[in-house]
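Listed here are the chains, written in short residue letters.
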Amino acid sequence: MLPLRELTYQAPEPAPATYPHHLPALSGFQHLPFTQPVTFFIGDNGSGKSTLLESLAVKAGFHAQGGSHHANYPVANTDTHLADALRLIWNRKVSNGFFFRAESFFAYASYVDELAQDSAKALQPFGGVSLHHRSHGESFLALFQNRLDADRPALYLFDEPEAALSITGQLALLRIMHRWAKSGHVQVIVATHSPILLAFPKAAIWTFDTTPLSPTTYRESAPYQVTRAFLEDPERIFHELFSEDDE
Ligand SMILES: Nc1ncnc2c1ncn2[C@@H]1O[C@H](COP(=O)(O)OP(=O)(O)O)[C@@H](O)[C@H]1O
Ligand SMILES: [Mg+2]
């Protein structure tokens, strides 16, 4: 059974013309059912993926800057106003999970190091090595592989996990996601631009490029379409991109 069944959004009345309720993806948005173990949020930069994911994380009880329910380190500049307008409907509420944000992973790694000064056990889930002593991509994978297991029901939220991963690293993440999905009780929600991660079989994909945000398919998605067009004929794309500058 997947932990989370549905997310509902009710804008305040009258709808404010300011962040975050002014985002086009939220205009007319009412609810998002979770039907698959893996759900993706896609959309252009600034379309509101992180805004929704972060508020969802806070609603679910995670640390707003990333981490688990237990993580306890200072929060910088976190805006979670949207959380008041969101409601989570659970199949089974979980307290086990993780909110991963590429942009604040450094702070999380430092937090784990601090814990390790008191007890070396803190590094155990990371193979006994400080996350700072691995490359950025290696530390991401160390977290996904060791800390985030499929043994218990869990909710994993990721904001652009591909940020530091090589293509091979992304394939490794797909394999880890497959293990989670197969468990039947681990649910993953991922904001991504990666045409590789997005290919995960049977994933639900929601695009924030529409008003309101709406379901789409892998082959209709912008990351797939644009990457495909580019790889098929880079010269043509360059010609279009550079033509104005070269006139
Ligand atoms: N704390 C904030 N205050 C005001 N505007 C914000 C804040 N955070 C994000 N925004 C704006 O809201 C929009 C959506 O941001 P974000 O959710 O981070 O987009 P995405 O993750 O899809 O790239 C952006 O235009 C951004 O500038
Ligand atoms: Mg973002």
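This report concerns the structure included in the present document. (Residues numbered from 1 in each chain as written. Chains lettered and ligands numbered in written order. Predicted model: local features only at pLDDT ≥ 70, side-chain atom pairs only at ≥ 80, totals over all residues. Heavy atoms only, no water.)

### Here's the deal with the packing of aromatic side chains
Then, number 1: The tally for this structure, following the rule as stated, stands at 13 aromatic pairs.
Then, number 2: Arranged with centres 5.1 Å apart and planes meeting at 50°, the rings of Phe41 and Phe208 form a pair that is tilted. Residue Phe41 is found in strand E3 (residues 38–42), and its partner Phe208 is found in the loop between strand E8 (204–207) and strand E9 (214–216); the two are separated by 167 residues along the sequence. Residues Phe41 and Phe208 agree in their burial class; the two are buried.
Then, number 3: Each member of the aromatic cluster is reached from another via a ring pair, and the members are Phe100, Phe140, Phe144, Tyr156, Phe158 and Trp180. (Phe/Tyr/Trp six-rings, centres within 6.5 Å; stacked < 30°, edge-to-face > 60°. Helix = DSSP H or I, 4+ residues; strand = E, 2+ residues; numbered from the N terminus. Buried < 20%, exposed > 50% of the residue type's maximum accessible area, 1.4 Å probe, protein only.)

### Re a negative patch on the surface
Then, number 1: On the surface, Glu244, Asp245, Asp246 and Glu247 cluster together into a patch of negative charge.
Then, number 2: For Glu247, the location among the structural elements is in the segment after helix H6 (234–246).
Then, number 3: Residue Glu247 is classed as exposed on the basis of its relative accessible area, which comes to 80%. (Patch = residues over 30% accessible without salt bridge, like charges linked within 9 Å, V, L, I, M, F, W, Y side chains within 5 Å. Areas by Shrake-Rupley, 256 points an atom, 1.4 Å probe, with all protein chains shown as cover. Salt bridge = Lys/Arg side-chain N within 4 Å of Asp/Glu carboxyl O. Lys, Arg positive; Asp, Glu negative; His and termini not counted. Charge placed at Lys NZ, Arg CZ, Asp CG, Glu CD.)

### With respect to the site of ligand 1
Then, number 1: Close to ligand 1 lie 11 residues; Gly46, Gly48, Lys49, Ser50 and Thr51 are nearest.
Then, number 2: For ligand 1, an oxygen atom lies 2.7 Å from a polar atom in the backbone of Gly46.
Then, number 3: Contacts to ligand 1 include Ser50, whose side-chain N or O atom sits 2.7 Å from an oxygen atom.
Then, number 4: Within the complex, the protein chains bury 59% of what would otherwise be the 560 Å² of accessible surface of ligand 1.
Then, number 5: Of the residues that constitute the shell around ligand 1, the class distribution is 2 nonpolar, 6 polar and 3 charged. (Near = heavy atom within 4 Å. Polar contact = N/O pair within 3.5 Å; in protein donor to acceptor, adjacent residues only side chain to side chain. Nonpolar A, V, L, I, M, F, W, Y, C, P; charged D, E, K, R; others polar.)

### A word on the sheet that holds strand E2 (residues 31–33)
Then, number 1: Strands sit in the order E2-E1-E4 across an open sheet of 3 strands; the sheet is antiparallel. A single partner strand is all that each edge strand has here, and the edge strands are E2 and strand E4 (86–90). Across the sheet, the mean angle separating the axes of adjacent strands is 15° when strand polarity is ignored.
Then, number 2: Sheet topology places strand E1 (residues 4–9) next to E2; 3 bridges connect them, and they run antiparallel. Bridged to Glu6 within E2 is Pro33.
Then, number 3: Across the sheet, helix H1 (residues 49–59) touches E1 and E4, and the angle it forms with E4 is around 60°. (Pairing = 2+ DSSP bridges. Axes fitted to C-alpha atoms, helices over the stretch in contact; angles between N-to-C directions. Contact = heavy atoms within 4.5 Å.)

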